[in-house]
There are 2 protein chains.
Amino acid sequence: MGKIKQVLFVLSAFILVNVSIAQEQNGETLATWNNSAAKSAIVNFVDRVTQRDSPDYVPPEQRIAVFDNDGTLWAEKPAYFQLLFAKDEVTRLAPEHPEWKTEQPFAAILNEDMVSLLAQGKGGIEKMIGATHANMTREEFNRVVTSWLNTARNPLTGKHYRDMIYQPMGELLNYLRAKGFKTFIVSGGGTDFIRVFSESLYGIPPEQVIGSRLKARYENDDGHPRVIATDEVEFVNDKEGKPIGISQAIGRRPIFAVGNSDGDLQMLEWTTAGKGPRFGMLIHHTDAKREWAYDRKSRVGHLDKALKAAKYHNWTVVDMAKDWSVVFPPAKRTTSKRGAQN
Amino acid sequence: MGKIKQVLFVLSAFILVNVSIAQEQNGETLATWNNSAAKSAIVNFVDRVTQRDSPDYVPPEQRIAVFDNDGTLWAEKPAYFQLLFAKDEVTRLAPEHPEWKTEQPFAAILNEDMVSLLAQGKGGIEKMIGATHANMTREEFNRVVTSWLNTARNPLTGKHYRDMIYQPMGELLNYLRAKGFKTFIVSGGGTDFIRVFSESLYGIPPEQVIGSRLKARYENDDGHPRVIATDEVEFVNDKEGKPIGISQAIGRRPIFAVGNSDGDLQMLEWTTAGKGPRFGMLIHHTDAKREWAYDRKSRVGHLDKALKAAKYHNWTVVDMAKDWSVVFPPAKRTTSKRGAQN
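As recorded in an unreviewed UniProt entry, chain A goes by HAD family hydrolase and comes from Microbulbifer echini.

Encoded structure:
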């Protein structure tokens, strides 16, 4: 290698090193986590499994961390955001479907009649998902969701949905990745829905999103090969579905799992029952001032059994009001054009 | 930052840079690929999509490369190695199952009566898979497959199965990864089977293996939470199943796909029909001397339609006899203890 080339290499390497230190100072310190027991528990665990001389050292390829999405990485009130998306889509598509004026569950949605809508239960929701998520390629669905994310606002806060992610959880994801963890979303929500924004909002690529899914079919009758989502639900990635979904998608038991509801109980049980060091964490929504306070009396984000299990299994319970100095990102970000994948 | 610390950083960074150059010289040059059209096509494509100033530049997160396994990354004669594993397992487990002496397909396997075994078709194979792959946790199955890999030998070559991987394909995987690609296995074989050795043989972590799968269930009746494979086939990741499997697991259309049989046709069609630069490649088994020569007349690795499609779509066809200077790794490697995951 020539002298000048050598100098250039050293120089560029030196710049890279400095950049990574700056990132460490900004991103790796869990800046909006107060200095409480929850933060200590996280940092102590991560040190234990990443320091080379630790008896509990875990090699990087086994540092799998899984996160629920609704109520864990972003908010979930007044309902799961994906359902609010489906509701908005029914309204947007209604002019093309005059029959919806009298057909349920569409009539209830269009009349904003939540009582009738809820009375239709699972069947109504599946019909709504079918009408707004199915018979599309991923590319088409991506465009629809991206457009919704860039315009729609949450009815309770008036914020864009993408601004209702939890700032401390974004820092936790960054911190774990900086420590060699591979971060996954494991959600009861739809895989294809979350994949549209997982990379831009959380830094998690689509292949690291595990969720519920519709059955898909392959078509190539016209020389334009494509994969299309049908309206048949193939897998529900909730409760005992979460360990099954993780096992099938990742093929390893995680060492770090975070959730906020009884739907996450089995994922945390299974994760923390593995041999060696394991970390389980529950986000407890205790902050009526900056967010919402709810647990066992809530329909969305119902938390009861898992909170009892946390005590028994020694999982870390995050008290949002006490452990986080900030809930949502402080400033509105600029409109993102990302999300459309080919 | 203090002066000494600065110097140490520069020094360590410089060492890292030099190490990565050494790797480039050894691993990135496709050393056992002859200087023929196939190698040029690969290198030209990779340059096109990775050079910053190229009009066809593809950002790293979209550099998804998918590889079939049997006949593409390792050999597949006299049968798919997973079936030979199942056959070996039936023999190993026979003493615990005296009823197998008269029960099909087990009797045919134990009598080495391949004609009777083949006559039982799909039903017989499913029963064999059920008896050797099901009602186990992943940890238990990993131990069984690892032990088999360390001892069993291919009946035609006398080699350990792990020594029947294709050296040039290992180099291609390394080369692509060094160029920022994420490499996946997309196989008609069982996900859980391939995951046992994908990391040690190919450098591909279990979460980047997409294959056929058995339905799984979650159990926690005794305080030992576990995920267990049932004997029910849930998804067959072959033919049109490959684009569906990729779409569900990755959520992006690959830009680079390699296969060797008609089972890979849809994966290559779908991959190369995407917008922007795409690369399709078929491994043509033309080497009766160092491996086997077969295509459209072969039951295992049947290649006919895909070979015609390759001409039409301008996919690169690798002629094993002419394009590879070496087929299998030259020296036997030492026994690997890897593969058992928790």
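Colleague: Would you take a moment to explain the side chain of A:Thr191 for this structure?
Modeller: All names here are of chain A. With respect to the helices, strands and loops of the structure, threonine 191 is situated in helix α9 (residues 191–195). Threonine 191 sits in the buried class, given a relative accessible area of 6%. A distance of 3.0 Å separates the side chain of threonine 191 from the backbone nitrogen of glycine 211, its partner in a polar contact. When residues no more than four places from it in sequence are discounted, the contact partners of threonine 191 are Val209, Ile210, Gly211, Ser212 and Arg213.

Colleague: Looking at this structure, I do not really get the environment of A:Val90. What am I missing?
Modeller: Residue and element names in this part refer to chain A. In this structure, valine 90 sits in helix α3 (residues 81–93). C-alpha separation for the pair valine 90 and alanine 107, spaced 17 residues apart in sequence, amounts to 9.7 Å. Excluding residues within four positions of it along the chain, valine 90 makes contact with Trp100, Phe106, Ile109, Leu110, Met128 and Thr132.

Colleague: How do you make sense of the environment of A:His285 when you look at a structure like this?
Modeller: Along the chain, the position of A:His285 falls in strand β7 (residues 279–286). With 34 residues separating them along the chain, A:His285 and A:Asp319 place their C-alpha atoms 6.8 Å apart.

Colleague: Sorry, what's going on with the packing of helix α2 (residues 37–50) of chain A against helix α8 (residues 167–178) of chain A here?
Modeller: The geometry of a pair of packed helices is captured by two quantities: the angle between their axes and the separation between those axes. Residues and elements named next belong to chain A. Direction vectors running N to C along α2 and α8 enclose 15 degrees, while the axes themselves pass 11 Å from each other. What the angle tells us is that α2 and α8 run roughly parallel. Between α2 and α8 lies a crossing of right-handed hand. Contacts from Ile42, Val43 and Val46 in α2 reach Leu172, Tyr175 and Leu176 in α8. Its residues assigned to classes, the contact of α2 with α8 shows six nonpolar, no polar and no charged.

Colleague: Help me understand the confidence of the model for chain A, please; the structure alone is not making it clear to me.
Modeller: The predicted coordinates of low-pLDDT regions are not to be read in fine detail. All names here are of chain A. Within chain A, residue pLDDT values average 90, and 88% of them lie at 70 or more. Every residue in residues 7–27 scores below 50 in pLDDT, and together they form 20 contacts with partners more than four places removed in sequence or on other chains. Here residues 334–342 is a poorly scored stretch, pLDDT under 50, and it has 26 contacts once near neighbours within four places are set aside; other chains count.

Colleague: Please clarify how the pattern of salt bridges should be interpreted in this entry.
Modeller: It is possible for side chains bearing opposite charge to pair when their charged atoms get close. All names here are of chain A. One pass over the structure, following the stated rule, counts 38 salt bridges over all chains. Notably, a salt bridge pairs lysine 127 with glutamate 103, separated by 3.6 Å at the nearest N-O pair. Separated by 24 residues along the polypeptide, lysine 127 in helix α6 (residues 121–133) and glutamate 103 in the loop between α3 and α4 (106–110) bring together distant segments of the chain. Residue classification places lysine 127 among the partly exposed positions, given a relative accessible area of 40%. Here aspartate 264 makes a salt bridge to lysine 242, at a shortest N to O gap of 2.6 Å. Taken together, the residues aspartate 264 in the loop between β6 (256–259) and α12 (265–272) and lysine 242 in helix α11 (residues 241–249) connect sequence positions 22 residues apart. Lysine 242 carries the same exposure label as aspartate 264, and that label is buried. Residues joined in a network through salt bridges with shared partners are Arg217, Glu219, Asp221, Asp222 and Arg226.

Colleague: Help me understand the pairing of strand β4 (residues 209–219) of chain B, please; the structure alone is not making it clear to me.
Modeller: The side chains of a regular strand alternate, residue by residue, between the two faces of the sheet. All names here are of chain B. Here β4 lies mainly inside the structure; nine of its 11 residues are buried. Two strands pair when backbone bridges link them, and β4 and strand β5 (residues 226–235) are joined in this way by six bridges, in the antiparallel orientation. The partner of arginine 213 across the bridge, within β5, is phenylalanine 235. Linkage of β4 to β5, two consecutive antiparallel strands, is achieved through a turn of six residues, within which glycine 223 is found at a positive phi near 75 degrees.

Calculation notes
Residues numbered from 1 in each chain as written. Chains lettered and ligands numbered in written order. Predicted model: local features only at pLDDT ≥ 70, side-chain atom pairs only at ≥ 80, totals over all residues. Heavy atoms only, no water. Helix = DSSP H or I, 4+ residues; strand = E, 2+ residues; numbered from the N terminus. Buried < 20%, exposed > 50% of the residue type's maximum accessible area, 1.4 Å probe, protein only. Polar contact = N/O pair within 3.5 Å; in protein donor to acceptor, adjacent residues only side chain to side chain. Contact = heavy atoms within 4.5 Å. Axes fitted to C-alpha atoms, helices over the stretch in contact; angles between N-to-C directions. Parallel < 35°, antiparallel > 145°, perpendicular 65-115°, else oblique. Left-handed = near helix turned anticlockwise from the far one by under 90°. Nonpolar A, V, L, I, M, F, W, Y, C, P; charged D, E, K, R; others polar. pLDDT = per-residue confidence, 0-100. Salt bridge = Lys/Arg side-chain N within 4 Å of Asp/Glu carboxyl O. Pairing = 2+ DSSP bridges.

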